[in-house]
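Analysis of the macromolecular model
What follows is each chain in one-letter form.
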Amino acid sequence: MFNGAEKTELPDIDFYQPTDWGGFAQNCANLKWVPGYDTSKCTTFAYAFTNCSEMETIMKINFSSATSIADAFYRCSKLANITCEGIIPVRIDFTSCILLSKASITSVVNALSSTTSGLSVTFSKTAVNTAFET
C-alpha cells in the first residue's frame, strides 16, 4: 500500500479495517512512526514493515485475527516502541529490533495467546538484556 514511500510517518488513513497488511509499508526506509490503526480484522501482516530501517514507533497494533506475521519486522533495527492490543495467535519475530524497550517487550508478551501451543516469540538478546538490566 505504501511500499517505498518517502514519508517519515504514515498518514491517518480512512479505510474500513483491511484484512491484508502484507507488505503494507515494506521498504519505507524513512518511515519513523506509525499511528494506531484498527487492525483487529487483519489476517496477514507478512512483510508489513520489512526494511523500515528508521521506524521507531508503532502506536498500537492488533494481531488478534492474524494467520501470518512472517518477517513483519525484519530489518527494523530502530523499532523501540510498539503497543500490542488483543491477542497474538501466531509466531512472531522481533530479532531485528535491537532497541525494543521494556514496555514494548512486556506489551508483546502480555498479548501472547494463552490457549495456543507450539508457537514462539523471538526477541533480540541485545534488546532484552538492555531493557531488563538492573
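Right, let's walk through the structure included here. In this text, all values refer to a predicted model and were calculated from it rather than measured experimentally.

Digging into the overall build of the chain
Broken down by element type, the chain carries 2 helices and 5 strands. In sequence order, the chain lays out its α and β elements as β-β-β-β-α-β-α. Counting every position in the chain, which comprises 134 residues, the buried fraction comes to 39%. In the chain, 48% of the contacts between residues at least 6 apart in sequence involve partners at least 24 apart.

A few points about the sheet that holds strand 1 (residues 33-34)
Strand order across the open sheet formed by 3 strands is 1-2-3, with parallel pairing between neighbours. Edge positions in the open sheet fall to strand 1 and strand 3 (81-85), since each of these has one partner strand only. As paired elements, strand 2 (residues 57-62) and strand 3 share 4 bridges and run parallel to each other. Within strand 3, the position partnered with Asn-62 by the bridge is Glu-85.

Parameters at a glance
- Residues numbered from 1 in each chain as written.
- Predicted model: local features only at pLDDT ≥ 70, side-chain atom pairs only at ≥ 80, totals over all residues.
- Heavy atoms only, no water.
- Helix = DSSP H or I, 4+ residues; strand = E, 2+ residues; numbered from the N terminus.
- Buried < 20%, exposed > 50% of the residue type's maximum accessible area, 1.4 Å probe, protein only.
- Contact = heavy atoms within 4.5 Å.
- Pairing = 2+ DSSP bridges.

By themselves these figures say nothing about function.
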